Amino acid sequence: MAVPWLVLLLALPVFFLGVFVWAVFEHFLTADVPATMEQRTKLRALHCLFLYLLTLGNILEKLGICSMPKFVRFLHDSMRIKKDPELRVTDLRFGTIPVRLFQPKAASSRLRRGIIFYHGGGSVFGSLDCYHGLCNHLARETDSVLLMIGYRMVPDHHSPALCHDCMNASIYFLKALETYGVDPSRVVVCGEGIGGAAAATVTQALVGRSDLPRIRAQVLISPVVQVFCLQLPSFQQNRNVPFLSQKFMVTVLCNYLAIDLSWRDAILNGSCVPPDVWKKYDKWLSPDNIPKKFKKRGFQPWSPGPFNEAAYLETKHMLDVEVSSLLADDEIIAQLPEAFLVSCENDILRDDGLLYRKRLEDQGVRVTWYHLEDGFHGSLIFFDKKALSFPCSLKIVNAVVNYVKGI
């Protein structure tokens, strides 16, 4: 009886090594690391590890042991969280929604600024623990009360659960600001990636709410503001740049919106969107709205494929404003608070930020734009990981801190 177990123990190292070799092979076969990026070797190594964990997660999912998202979240949540003597950190629940509150311990002569933070991760990765270090830093360095919201995620929950959780928890917090010592006139919403999408959506939804304090500013870091035009210049130029490739983004998008992956090609070639819809939104989505300097690197003009009604019926919720905040009416956009918008040159979502910046500015909304030539999607999460951090990670955090301190 001991022989099968011995064989298994000997086979496991071979299995894990084989998976790692496959991940390295996939990286060098598909990934594109631009020569202009700093610390390219470190980026390649981290991306190989990223692909390795994704592959292990997918194998476990196929074996019915654990879903890939839960496997990866378990790993990054197992990292040790350091306590900060300057902050009081409290885990709470607003109804059924888990949140984490960061409050400076030092006495203050006046009410503090408030930050509502929505973490990134595409509804696949990210959690309260994963973004703890970042939120701890933001709260301490800006002397603010920060609330991080832990929304529901795939595979158990799909859109619009994320948006509803962020909305409901934000409203709960806004109604109780005095309880937490927050100045109602200085509340900032902040999010990265899909968290940036949540920040934009929540801010739009709260426009005109006379029963709630008005949001003072929105900080949008590499936000997703539309999900159906996937042939913008940055999508073509950065389609294989770690950590958000075109293939992975479409997979994450389909999981988040509960769309079968068989519609992947229809989403990519735009045939799932009716011609009249393309015409209606072209004024906001056209590459003509992207500054010329961002189209010099390998952009090819593009037009949608023939309309596929079946694909449209399966994917039409991509056009909901809750999912694509870029499509909000001018009347809503014009009432939005000022924005601090971060974009990264080597990010597939770069042009989402550029398009949203133009929409805001066209309606008279003040925008402070911060662009990183050496930035890439997901770099923010590495800022406090010491040897794993990148120069662009620190630049983003410092820029956000300096902006928020001016509120």
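Everything numeric here is computed off the predicted structure, so don't read it as measured data. Residue numbers here run from 1 along each chain, matching the order of that chain's written sequence. With pLDDT at 70 or above as the cut-off, local features in this predicted model cover only qualifying residues; side-chain atom pairs require 80 or more to be listed or tallied, and sums for whole chains, interfaces and linings still use all residues. Excluded from the side-chain calculation are hydrogens and water; included are all heavy atoms of the structure.

Asks: Hey, could you go over the overall build of the chain for me, with residue numbers and the actual values?
Replies: Per the secondary structure count, the chain includes 14 helices and eight strands. Projected onto its principal axes, the C-alpha coordinates of the chain cover approximately 70 × 55 × 40 Å. Only protein chains enter the accessibility calculation, which uses a 1.4 Å probe. A residue is then buried if its area is under 20% of the maximum for its type, exposed if over 50%, and partly exposed in between. Relative to its full complement of 407 residues, the chain shows a buried share of 56%. Contacts spanning at least 24 positions in sequence make up 76% of the contacts within the chain whose residues lie at least 6 apart. Working definition of accessibility: Shrake-Rupley area with a 1.4 Å probe, residue cover restricted to the visible protein chains. Put simply, the chain shows about 18400 Å² of open surface, and 58% of that area lies on carbon and sulfur atoms. Across the chain, the 44 positively charged side chains and the 39 negatively charged ones have centroids separated by 5 Å. By definition, any uninterrupted DSSP run of H or I lasting at least four residues is a helix, any uninterrupted run of E lasting at least two residues is a strand, and each is numbered from the N terminus. Contacts are assigned to residue pairs with any non-hydrogen atoms lying within 4.5 Å of each other. His is not counted here, nor are the chain ends, while Lys and Arg score as positive and Asp and Glu score as negative. A charge is said to be at NZ when it belongs to Lys, at CZ for Arg, at CG for Asp and at CD for Glu.

Asks: Lay out helix α3 (residues 68-77) with the relevant residues and their values.
Replies: Every buried residue belonging to α3 is among M68, P69, F71, V72, R73 and H76, and all of these are buried. Buried positions along α3 lie against α2 (40-62). A 3.5 Å cut-off defines polar contacts: any pair of N or O atoms within that distance qualifies, except that in protein one atom must be a possible hydrogen donor and the other a possible acceptor, and neighbouring residues in sequence count only when both atoms are side-chain atoms. The backbone nitrogen of K70 lies 3.3 Å from a side-chain oxygen of the residue at the head of α3, namely S67.

Asks: Provide a residue-level description of the nonpolar core, including the pertinent values.
Replies: Joining through side-chain atoms within 4.5 Å is the link that ties buried Ala, Val, Leu, Ile, Met, Phe, Trp, Tyr and Cys residues into a set, and such a set is a nonpolar core. Counting residues in each nonpolar core, the largest one holds 140 residues, and the members touching the most others are F173 and Y356. Discounting residues that sit within four places of it in the chain, Y356 has contacts with A200, Q204, L220, V225, S325, L326, I333, L336 and L341.

Asks: Let's hear about the pairing of strand β3 (residues 112-118): which residues, and what values?
Replies: For β3, the tally of buried residues reaches seven of seven residues, placing the bulk of the element in the interior. Summarising the sheet, β3 and strand β5 (residues 182-192) pair through six bridges and their orientation is parallel. Bridge pairing links F117 to C190 in β5. By definition, the crossover connecting two strands over a helix is right-handed if that path, from the first strand to the second, turns clockwise as seen with the strands pointing away from the viewer. Crossover connection from β3 via helix α4 (residues 132-142) to parallel strand β4 (residues 144-149): handedness right-handed. Here, a strand pair is defined by DSSP locating no fewer than two bridges between the strands.

Asks: Residue-level account of the sheet that holds β5, with values.
Replies: Taking strand neighbours across the sheet as the criterion, the eight strands line up as β1-β2-β4-β3-β5-β6-β7-β8 in an open arrangement whose pairing is mixed. Each edge of the sheet is formed by a strand with only one pairing partner; in this case those strands are β1 (87-94) and β8 (367-376). The sheet shows a mean angle of 20° between the axes of neighbouring strands, direction not considered. Inspection of the sheet shows strand β2 (residues 97-104) paired to β4 by four bridges, in the antiparallel sense. Each residue of the ladder has a partner; that of R100, found in β4, is M148. Lines are fitted to the C-alpha atoms to define the axes, a helix being fitted only along its stretch in contact, and any angle between axes, read from their N-to-C directions, falls within 0 to 180 degrees. Of the strands in this sheet, β3, β4, β6 (217-221), β7 (338-346) and β8 are in contact with helix α14 (residues 391-405), which crosses β8 at around 170°.

Asks: Kindly report on the packing of aromatic side chains, identifying the contributing residues and their values.
Replies: Only the six-membered ring of Trp is used, alongside the rings of Phe and Tyr, when aromatic pairs are assigned; centres must lie within 6.5 Å, and planes under 30 degrees apart are stacked while those over 60 apart are edge-to-face, with the rest tilted. By the definition in use, this model includes 21 aromatic pairs. On the basis of an interplanar angle of 65° and a centroid distance of 5.3 Å, the ring pair of F15 and F16 is categorised as edge-to-face. Judged by relative accessible area, F15 falls into the partly exposed class, the value being 35%. Relative accessible area serves as the criterion here: at 36%, F16 is assigned to the partly exposed category. Ring centres of F50 and F243 lie 5.4 Å apart, and the angle between their planes is 90°; this geometry places the pair in the edge-to-face category. Residue F50 is found in helix α2, and its partner F243 is found in the loop between α7 (233-237) and α8 (246-257); the two are separated by 193 residues along the sequence. The same class applies to F50 as to F243, namely buried.

Asks: For the pattern of salt bridges, give the residues involved together with the corresponding values.
Replies: In what follows, salt bridge is the name for a side-chain nitrogen of Lys or Arg lying within 4 Å of a carboxyl oxygen of Asp or Glu. One pass over the full model with this rule turns up 19 salt bridges. For E345, the salt bridge is made with R297, and the minimal N-O distance between the two is 3.2 Å. Here the residue E345 occupies a position in strand β7, and R297 occupies one in the loop between α10 (275-285) and α11 (309-315), the gap between them amounting to 48 residues. By relative accessible area, which is 35% here, R297 ends up partly exposed.

Asks: I'd like a rundown of the side chain of Q237, residues and numbers included.
Replies: Topologically, Q237 is positioned in helix α7. Among the polar contacts listed, one links the side chain of Q237 to the backbone oxygen of R297, at a separation of 3.1 Å. If near-sequence neighbours (up to four positions away) are discounted, Q237 is found in contact with D32, F294, K295, K296, R297, F299 and R350.

Asks: Please set out a nonpolar patch on the surface residue by residue, giving values where relevant.
Replies: A contiguous nonpolar surface patch, about 240 Å² in accessible area, is contributed by L12, F15 and F16. For F15, the location among the structural elements is in helix α1 (residues 2-30). Patches were defined on residues exceeding 30% relative accessible area and lacking a salt bridge, with like-charge contacts within 9 Å and nonpolar side-chain contacts (Val, Leu, Ile, Met, Phe, Trp, Tyr) within 5 Å.

Asks: So what about the side chain of D165? Which residues, and what values?
Replies: Within the secondary structure, D165 is located in helix α5 (residues 161-174). If we skip the residues at most four places from it in the chain, D165 touches I97, I149, Y151 and R152.

Asks: Outline the packing of α2 against α3, listing residues and values.
Replies: At their nearest, the axes of α2 and α3 sit 8 Å apart, and the two run at 130° to each other. Overall, the two elements α2 and α3 adopt an arrangement that is oblique. When you trace α2 past α3, the crossing you get is right-handed. Listed contacts from α3 to L53, L54, L56, G57, N58, L60 and E61 of α2 are M68, P69, F71, V72 and L75. Within the contact of α2 with α3, the residues separate by chemical class into nine nonpolar, two polar and one charged. Just so you know how the angles are binned, under 35 degrees is roughly parallel, over 145 roughly antiparallel, 65 to 115 roughly perpendicular, and the rest oblique. In this scheme the crossing of two helices becomes right-handed for a clockwise turn of the near helix relative to the far one and left-handed for an anticlockwise turn of less than a right angle. Basically, the charged four are Asp, Glu, Lys and Arg, the nonpolar ten are Ala, Val, Leu, Ile, Met, Phe, Trp, Tyr, Cys and Pro, and anything else, Gly included, counts as polar.

Asks: Give a detailed account of the packing of α5 against helix α6 (residues 194-205), specifying residues and quantitative values.
Replies: At their nearest, the axes of α5 and α6 sit 10 Å apart, and the two run at 55° to each other. Here α5 is positioned oblique relative to α6, judged by the angle of their axes. The element α5 and its partner α6 pack so that their crossing is right-handed. Seen from α5, the contacting residues are L162, C163, C166, M167 and S170; seen from α6, they are I194, A198, T201, V202 and A205. Along the lines of polarity and charge, the residues of the contact of α5 with α6 split into eight nonpolar, two polar and no charged.

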